[in-house]
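Architecture at a glance
What follows is the residue order along each chain.
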Amino acid sequence: MVGAVLLGSALAGCGGGDDSSSGSGSGSDDKIVLGFSQVGAESGWRTANTKSIQDSAKAAGIELKFADAQGKQENQISAIRSFITQKVDVIAFSPVVTSGWDAVLKEAKDANIPVILTDRSVDSQDTSLYVSFLGSDFVEEGKKAGQWLVDQYKGKTGTVNIVELQGTTGAAPAIDRQKGFADTIASDPNLKVVKSQTGDFTRAQGKTVMETFLQSTPKIDVLYAHNDDMGLGAIEAIEAAGKKPGTDIKIITVDAVKDGMTALSEGKINYIVECSPLLGPQLMDIVKQVKDGGTPEKRILTKETTFTQEQAKTELPNRQY
């Protein structure tokens, strides 16, 4: 994975570390060096997130060392250790899963290199192992999805069969979006999740799992997908089965990437909860604050909304991702 850590002028940007002996890392002059480990490129959201970080680093004048973990925790841990060896100023990463980070985070702390979590959290009991966590409230996203469904079926009778496409097993957004949704729909006993399985946040797996749902469950009223990509894959399966997505089966997804918003504007998806991937500018601000000796807030939320079909039609022309 060390060899997979890419450094180039195209990824140059503005990153930061602390005021310790780590100095300006392996960068030249006084340029801040930021080591960033990305989950992978499993979805349109992740691709947009990567671009935001790369563009923002360049605009801020930070040198960015970027590593793609290809969805594997061991690759991410290797990349973080490589960043420590290279004495970067700051390390940031979006954890593949929530558990198993304490050892490598302690190594970074011992090397006086501050760590920023982006997009996803870790379950470390020792919160001193990272300086800040920038990202969405995934539980709240699940609650928003659930509340829309509760409102749709308010006052109606009869069981509503829901199937759920979960994100990657063990990943923070999958755990939290499931919890927020389940807690909210519990207020209506007619709303029942009859099948729930991981689609690994990918369009291909979303299609495959939805095919099995359709074969095993004669009556499906609602699909809740933890991201747009899985929902879009599921739409392919629904159409192939001769059903009309958005009508025969109501669909709720999370993200609001351009492809998802297009499907929403066409009525194939009924409701999308936004999860913005454009974290780059906020991340670079935190990096510079840390490098200057400041103490950022421990938890920094991104600003997000929700979209109906009509709202998607209005917003779609302005979508950056």
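These lines cover the structure that appears in this document, whether it is placed above or below. (Residues numbered from 1 in each chain as written. Predicted model: local features only at pLDDT ≥ 70, side-chain atom pairs only at ≥ 80, totals over all residues. Heavy atoms only, no water.)

Turning to the sheet that holds strand β9 (residues 222-225), a few remarks are in order. Overall, mixed pairing links the six strands, which are arranged β8-β7-β9-β10-β11-β13 in an open sheet. The sheet is open, and its two borders are formed by β8 (191-198) and β13 (306-307), each paired with just one other strand. Bridge analysis of strand β11 (residues 271-274) against β13 gives two bridges, and the strand direction is antiparallel. Of the residues in β13, the one forming a bridge with V273 is T306. The sheet strands contacting helix α8 (residues 258-265) are β11 and β13, and the helix crosses β11 at an angle near 150 degrees. (Pairing = 2+ DSSP bridges. Helix = DSSP H or I, 4+ residues; strand = E, 2+ residues; numbered from the N terminus. Contact = heavy atoms within 4.5 Å. Axes fitted to C-alpha atoms, helices over the stretch in contact; angles between N-to-C directions.)

Taken as a whole and assessed by the stated rule, the structure comprises 16 salt bridges. As a salt-bridge pair, R120 and D119 come within 3.7 Å of each other at their nearest N and O atoms. With respect to burial, R120 and D119 carry one shared label: buried. Here E239 ties to K268 by a salt bridge, and the two come within 3.2 Å at their closest N and O atoms. Within this pair, whereas E239 is found in helix α7 (residues 228-240), its partner K268 is found in the loop between α8 and β11, the two being separated by 29 residues in sequence. Here K268 falls in the partly exposed class, since its relative accessible area comes to 28%. (Salt bridge = Lys/Arg side-chain N within 4 Å of Asp/Glu carboxyl O. Buried < 20%, exposed > 50% of the residue type's maximum accessible area, 1.4 Å probe, protein only.)

Take helix α9 (residues 280-291) next. With 12 residues, α9 should reach 16 Å at 1.5 Å per residue; the first-to-last C-alpha distance of 16 Å fits that figure. Those residues of α9 not exposed but buried are G280, L283, M284, I286, V287, V290 and K291. Within α9, the buried residues cover an arc of 160 degrees as seen down the axis, which keeps them to one side. Summarising the contacts, the buried residues of α9 are in contact with β2 (33-38), α1 (44-60), β4 (90-93), β5 (115-118), β6 (132-135) and β12 (299-301). (Expected span 1.5 Å × (residues − 1). Arc of directions from axis to C-beta.)

Here N190 lies in the loop between α5 (172-185) and β8. N190 sits 82 residues away from I272 along the chain, and the two C-alpha atoms are 22 Å apart. For N190, the residues in contact, after removing those within four places along its chain, are K156, T157, G158, T159 and V160. Separated by 3.4 Å, the side chain of N190 and the backbone oxygen of K156 make a polar contact. (Polar contact = N/O pair within 3.5 Å; in protein donor to acceptor, adjacent residues only side chain to side chain.)

Close contact between α7 and α8 brings their axes to 9 Å; oriented N to C, the two are set at 50 degrees. Looking at the two axes, α7 sits oblique to α8. Our pair here, α7 against α8, has a crossing hand that is left-handed. Along its contact with α7, which presents D228, L232 and I235, the element α8 presents D259, G260 and A263. Classifying every residue of the contact of α7 with α8 gives three nonpolar, one polar and two charged. (Parallel < 35°, antiparallel > 145°, perpendicular 65-115°, else oblique. Left-handed = near helix turned anticlockwise from the far one by under 90°. Nonpolar A, V, L, I, M, F, W, Y, C, P; charged D, E, K, R; others polar.)

Mapped onto the fold, S82 is located in helix α2 (residues 73-85). For S82, a relative accessible area of 5% gives the class buried. Between the C-alpha atoms of S82 and G35, which are 47 residues apart in sequence, the distance is 9.0 Å.

Turning to the packing of aromatic side chains, a few remarks are in order. Inspection of the entire model under this criterion finds four aromatic pairs. Ring centres of F36 and F66 lie 6.0 Å apart, and the angle between their planes is 25 degrees; this geometry places the pair in the stacked category. Placement of the pair is F36 in strand β2 and F66 in strand β3 (residues 63-68), with a sequence separation of 30 residues. A relative accessible area of 0% places F36 in the buried class. Classification of F66 by relative accessible area gives buried; the value is 8%. Its guanidinium or amino end placed over the ring of Y130, K298 lies 4.6 Å from that ring's centre, counting from NZ or CZ. (Phe/Tyr/Trp six-rings, centres within 6.5 Å; stacked < 30°, edge-to-face > 60°. Lys NZ or Arg CZ within 6 Å of the ring centre and 35° of its normal.)

One can describe the packing of α1 onto α9 by two numbers: an axis separation of 8 Å at closest approach and a directional angle of 50 degrees. With respect to their mutual orientation, α1 and α9 come out oblique. Handedness of the α1/α9 crossing: right-handed. Taking contact as the criterion, the partners of S52, I53, S56, A57 and A60 in α1 are, on α9, G280, P281, L283, M284 and K288. Along the lines of polarity and charge, the residues of the contact of α1 with α9 split into six nonpolar, three polar and one charged.

Positive phi, normally seen in glycine, also occurs at K87, with a value near 55 degrees. Mapped onto the fold, K87 is located in the loop between α2 and β4. In this model, A256 sits at a positive phi of 75 degrees, which is unusual for a non-glycine residue. With respect to the helices and strands, the residue A256 is situated in the loop between β10 (250-255) and α8.

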